[in-house]
Amino acid sequence: MKFLNYVLPLGCAAALFCSCQSTRVYTQSSEELYEDDMLIAESSTVVRHDYADEQCEQFQGNKVIQDSTKRYFDFSEDYTVVSNTDEKTTLHLFTAESVREQSDEYENFTFSLVEAEIIKKSDDVNSSVIGTREFRMKDGAIVPFGGGSRFKGGSFSEEDEKLFAADVEKLLASLADGADSSDVKKSRSQTSKISSEKVQVVSVPNKKYIAYSILGKPFVILGTSCWQILKCCGYAFINFSGGYSTATGGDAFWKMPSYSKSKQKAQEAKAANAVQQYPEYHLPFTDNKITVETYDRNINVVSLEDESELIVPIEKYEYDNTMSVSRAAKADAASTAATAGLIGTIITIPVSGLTWVLGAVFGAFYGNK
């Protein structure tokens, strides 16, 4: 009776969910700003258009789900020489980028400390980020974080701190010249690239996969958990025997599961079960049919709803993310088993090590009597 009390509500919820079908349309507009062929800023806007029917005829409204601007700053002209040998020169310099979301009152800046190695013989340059520092700005001024600190992040050497302070001052001066720090100013030396996408997603719940997730997956978890317990006991027994054999003059052996292999299996299973096309628009437990139209100009809400303006896409793609129940269930089961296997391996390794020691102690005291 308790089993029915558990299953029936879930079954009713699944039946209700199975009756739903949704159609969503997204417009993604982006602009990239270049100066001397170097990307200095990019903006992105994503708007969701809601419709009441699959034919997209009963328009209900729009919602901006993303509106962000990124800017990139290069301070490579300012650097410090860390070392200089016959083979290479090592430099430290900073780059920076900022992100501003429409819903956020702050513009968030991240400075990256870059270590660049210039190989003198080949003029090759190897670079890597070795530290970061963050701060945020509002109305052209740095706003402290909650603890009162203006900056947060890693610590730098004395020379790098001086370089960081100088680059921050240079950044603040350039933003002051540009007035509003959220604006991206264009000059004659700058070029922009504008592109847009219209993405229509029709989502239909997959009844078989929902049933598997509710009724089948718990048994997969239970089965794999029982198997991991048995495997842990098996390794414990084998390694106890190995410790005993070692202490009594026999063959020295022990057996351990591979953590790296278990982790790799978990990652591979997770990747196999992932949605490949436009996963950000995927609704759980659904099949998705996606139509993507790309444009070489900026499209927006007004132009889409204005029937007098004809907008012709330059490319059109269709994706069918219909879930194969057998493949999805197999991948999901493999992912669950691999995750359980990884946890089981983490538990098994110290348990097996302990039982080996116990076997050796037992053999040392009682094996030779």
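Residues numbered from 1 in each chain as written. Predicted model: local features only at pLDDT ≥ 70, side-chain atom pairs only at ≥ 80, totals over all residues. Heavy atoms only, no water.

Enquirer: Would you mind showing me how to read the pairing of strand β4 (residues 88–101) here?
Expert: The side chains of a regular strand alternate, residue by residue, between the two faces of the sheet. With 12 bridges joining them, β4 and strand β5 (residues 107–119) adopt antiparallel strand pairing. Looking at the pairing, Leu 91 lines up with Ala 116 of β5. (Pairing = 2+ DSSP bridges. Helix = DSSP H or I, 4+ residues; strand = E, 2+ residues; numbered from the N terminus.)

Enquirer: It is not clear to me how the confidence of the model for the protein should be interpreted in this structure. Could you clarify?
Expert: When pLDDT drops low, the exact placement of atoms in the prediction is not to be read closely. Summarising the model, the protein shows a mean pLDDT of 77, and 73% of its residues fall at 70 or more. Segment residues 12–18 is flagged for pLDDT under 50; beyond a separation of four residues in sequence, or across chains, it makes nine contacts in the model. Of the regions scoring below 50 in pLDDT, residues 179–187 engages in 18 contacts with residues more than four places distant in sequence or in other chains. (pLDDT = per-residue confidence, 0-100. Contact = heavy atoms within 4.5 Å.)

Enquirer: How should unusual backbone geometry be read in this particular structure?
Expert: The phi dihedral of Asp 37 is positive, around 65°, even though this residue is not glycine. In this fold, Asp 37 is placed in the loop between β1 (22–35) and β2 (38–51). The backbone of Asp 123 shows a phi angle near 65°, a positive value even though the residue is not glycine. Structurally, Asp 123 is set in the loop between β5 and β6 (125–138). Assessed through its relative accessible area of 59%, Asp 123 is described here as exposed. (Buried < 20%, exposed > 50% of the residue type's maximum accessible area, 1.4 Å probe, protein only.)

Enquirer: Can you help me understand the packing of aromatic side chains in this one?
Expert: Aromatic rings in a pair are described by how distant their centres are and how their planes are angled relative to each other. Taken as a whole and judged by the stated rule, the model has 15 aromatic pairs. Note on Tyr 278 and Tyr 319: the rings are 6.0 Å apart at their centroids and 50° apart in plane angle, and the pair reads as tilted. Remark: Tyr 319 occurs in strand β11 (residues 315–320) and Tyr 278 occurs in the loop between α4 (259–272) and β10 (286–295); sequence separation between them is 41 residues. With a centroid separation of 6.5 Å and an interplanar angle of 20°, the aromatic rings of Tyr 317 and Tyr 319 are classed as stacked. (Phe/Tyr/Trp six-rings, centres within 6.5 Å; stacked < 30°, edge-to-face > 60°.)

Enquirer: Can you help me understand the pairing of β5 in this one?
Expert: Remark: five residues form the turn of the hairpin made by β4 and β5, two consecutive strands paired antiparallel. Bridging between β5 and β6 involves 12 bridges; their strand directions are antiparallel. Residue Asn 108 lies in a different strand from β6, and its bridge partner there is Arg 136. What sits between β5 and β6 in their antiparallel hairpin is a turn of five residues, with Asp 123 showing a positive phi close to 65°.

Enquirer: Looking at this structure, how should I read a nonpolar patch on the surface?
Expert: Taken together, the side chains of Phe 240, Tyr 244, Leu 354, Leu 358 and Phe 362 present a nonpolar region at the surface, about 440 Å² in accessible area. Of all the secondary-structure elements, those providing two or more residues to the nonpolar patch are α3 (207–247) and α6 (325–367). Tallying contributions element by element places α6 first for the nonpolar patch, with three residues. Here Leu 354 shows up in helix α6. Residue class for Leu 354 comes out exposed when judged on its relative accessible area of 52%. (Patch = residues over 30% accessible without salt bridge, like charges linked within 9 Å, V, L, I, M, F, W, Y side chains within 5 Å. Areas by Shrake-Rupley, 256 points an atom, 1.4 Å probe, with all protein chains shown as cover. Salt bridge = Lys/Arg side-chain N within 4 Å of Asp/Glu carboxyl O.)

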